[in-house]
Structure formats: structure tokens, C-alpha cells
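# Remarks on the overall topology
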Amino acid sequence: VEVLILGGGPVGLYLALALTTLGVRVRVVARGTSRPSDPRAAIVWPRVAEVLRAVGMVDRFEAAACRLRRAEFRVNGRYAGVMELGRLGCEHPFPLMIEQHETVRLLAERLAELGVSVMWETEALAVRQRGDGVEVDVRRADGVEETLRAGWLAGCDGARSLVLRSLGVAFEGSARVGIECLQVNAAPTWRH
């Protein structure tokens with residue numbers, strides 16, 4: 001392949017889709033499963049919707065998501081106000097509420113339709129630059145180890161990135177004090 005992408009989250013899968021749309025041969029190596037279920041990032045903002053439109057995916061996302069029309073804010077348990085959304089002068093003015101695992105599912109389904117290989121449950125062990133390309137040692141879910149070769153490597157493998165560590169690039173991060181976000185996944189029993 002021309003580009004090997006480490007990371008099967010939204011960034012890695014989107015990159016694979018965008019490159020495939022441009023005619024670049026890609027392969028994705030993802031440590032996680034093709035069916036993640038942990039709640040994470042849950043909003044597709046208007047600019048991201050425009051980016052999804054560029055690869056023909058925005059309709060699928062709009063069909064699977066819920067439009068966010070307003071947000072209520074509370075500070076220290078007290079009502080602080082409401083923000084009406086959807087006022088942006090763009091084609092997709094409303095943020096879309098969609099869980100990250102649904103985002104992964106939609107992108108992975110489209111890649112499969114295009115014949116792009118995603119190696120789920122495969123751990124990248126080491127990366128090396130070799131001549132005009134790269135080699136990546138991986139261990140598949142069945143325990144078999146192999147070396148993959150590509151012209152380019154894209155590290156979309158998160159904060160504990162093997163690619164960043166291999167390059168000596170620190171990505172430490174830090175705790176944010178005083179910021180709290182609560183996400184509740186619930187099935188309401190009242191009429192909306």
C-alpha cells in the first residue's frame with residue numbers, strides 16, 4: 001500500500017476514506033475492535049459535517065444522528081441559560097449528536113464498501129524507516145506477527161502513539177481543573 005494508517009478511530013478511518021477517495025491505496029491497523037462500545041466524543045460540529053460532505057458521508061451521518069438544536073447550561077447546580085444552535089450561515093448549521101462508536105461504524109462500513117482493509121484487533125509493535133518507505137511490525141488477534149511495508153505511515157493512534165514515541169515526540173497532556181462534562185445515555189420514559 002502507499003499509506004499505512006495506525007489507528008482505527010474517527011481520525012484514522014476518515015483519513016483512510018479521504019485518501020481512498022483521491023485514489024491512494026491505504027491500509028488501516030487498529031488495536032481496537034470493529035465494534036467499540038465505550039462512549040466518547042459525541043458531537044459532529046458543522047465544519048466537520050462539511051468535511052464529511054467532501055467524502056460523501058454527511059447524509060449517512062445526518063440519518064444516524066440527532067440534530068442538536070439547543071443546549072442548556074447549569075453552573076453549580078443552578079440554571080445558567082440556554083444557547084440556541086443552528087444559526088450558522090452554512091449548509092449544515094446544526095451540530096449532530098452521534099456517539100464515537102457510531103462514527104467508527106459508519107466510516108468502517110464505507111471503507112469496507114470501497115474494499116479498504118482494516119486490520120482490527122492488531123497491535124503495532126515497532127515502526128522503522130527503510131529507504132523510501134516504512135516497515136511496521138504488528139501482532140494480529142490470532143497472535144501471528146508480521147511486518148507490513150508502505151511508502152508512508154500516518155500516526156492516528158492517539159495520545160499513547162507508537163509513531164510519536166518512535167519519533168521522540170512527547171504528548172504528555174495534562175488535567176484540566178474546573179471543567180466538568182456529564183454525558184448521560186438514557187431512554188426517556190416521557191414524551192418529548
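Read on for a plain summary of the structure.

Each value, and the rule that gives it
- Residues numbered from 1 in each chain as written.
- Predicted model: local features only at pLDDT ≥ 70, side-chain atom pairs only at ≥ 80, totals over all residues.
- Heavy atoms only, no water.
- Helix = DSSP H or I, 4+ residues; strand = E, 2+ residues; numbered from the N terminus.
- Buried < 20%, exposed > 50% of the residue type's maximum accessible area, 1.4 Å probe, protein only.
- Contact = heavy atoms within 4.5 Å.
- Areas by Shrake-Rupley, 256 points an atom, 1.4 Å probe, with all protein chains shown as cover.
- Phe/Tyr/Trp six-rings, centres within 6.5 Å; stacked < 30°, edge-to-face > 60°.
- Lys NZ or Arg CZ within 6 Å of the ring centre and 35° of its normal.
- Polar contact = N/O pair within 3.5 Å; in protein donor to acceptor, adjacent residues only side chain to side chain.
- Salt bridge = Lys/Arg side-chain N within 4 Å of Asp/Glu carboxyl O.
- Pairing = 2+ DSSP bridges.
- Axes fitted to C-alpha atoms, helices over the stretch in contact; angles between N-to-C directions.
- Expected span 1.5 Å × (residues − 1).

### Observations concerning the overall build of the chain
If you tally the helices and strands in the chain, you get five helices and 12 strands. Overall size of the chain, expressed as C-alpha extent along the three principal axes, is 60 × 35 × 35 Å. Buried residues in the chain amount to 33% of all 192 residues. Within the chain, counting contacts between residues at least 6 apart in sequence, those at least 24 apart form 60% of the total. Accessible surface computed for the chain: about 12700 Å², of which carbon and sulfur atoms make up 52%.

### A closer look at the packing of aromatic side chains
One pass over the structure, following the stated rule, counts zero aromatic pairs. Above the face of the F94 ring, R69 is positioned so that its terminal group lies 4.8 Å from the ring centre.

### Looking at the side chain of E135
The residue E135 is located in strand β10 (residues 133–139) in this model. A polar contact of 3.4 Å, which involves the side chain of E135, links it to the side chain of R130. Excluding anything up to four places from it in sequence, E135 contacts A126, V127, R128, R130, T147, L148 and R149.

### Section: the pattern of salt bridges
Taken as a whole and assessed by the stated rule, the structure comprises 16 salt bridges. Note that R25 and E2 form a salt bridge whose closest N and O atoms lie 3.7 Å from each other. With a gap of 23 residues between them, R25 in the loop between α1 (10–21) and β2 (26–29) and E2 in the segment before β1 (3–6) connect regions that are remote in the sequence. For R25, a relative accessible area of 52% gives the class exposed. The salt bridge partner of E50 is R47, with a shortest N-O separation of 3.1 Å. Highlighted residues: E50 and R47, both in helix α2 (residues 46–54), separated by three residues, approximately one helical turn. Using a relative accessible area of 21% as the deciding quantity, one classes E50 as partly exposed.

### Some words on the side chain of D137
Mapped onto the elements, D137 comes out in strand β10. Polar contacts involving the side chain of D137 include one to the side chain of T147, which spans 2.7 Å. Aside from chain neighbours lying at most four places away, what touches D137 is E123, A124, L125, A126, R128, E146 and T147.

### Structural notes on the sheet that holds strand β11 (residues 145–150)
Pairing between the strands of a sheet is mediated by backbone hydrogen bonds and can be parallel or antiparallel. Spatially, the three strands line up as an open sheet ordered β9-β10-β11, and their pairing is antiparallel. A strand with exactly one partner marks an edge of an open sheet, and here the two such strands are β9 (123–130) and β11. Strand-to-strand twist in this sheet, taken as the mean axis angle between neighbours without regard to direction, amounts to 20°. In this structure, β10 lies alongside β11, joined through six bridges in antiparallel fashion. For R139, the partnering residue across the bridge sits in β11 and is E145.

### What about the sheet that holds β2?
Taken in spatial order, the four strands of this open sheet run β8-β2-β1-β12, and their pairing is parallel. Strands with a single pairing partner mark the edges of an open sheet, and in this sheet they are β8 (117–119) and β12 (152–155). Within the sheet, the average angular offset between the axes of one strand and its neighbour, ignoring direction, is 20°. Direction of pairing for β1 relative to β12: parallel, over a ladder of four bridges. Within the sheet, the bridge partner assigned to L4 lies in β12 and is L153.

### Looking at α1
Look at α1: 16 Å from first C-alpha to last across 12 residues, which is about the 16 Å you get at 1.5 Å a residue. Burial in α1 covers these residues: G12, L13, A16, L17, A18, L19 and T20. Two residues or fewer after α1 comes G23, characterised by a positive phi angle close to 90°.

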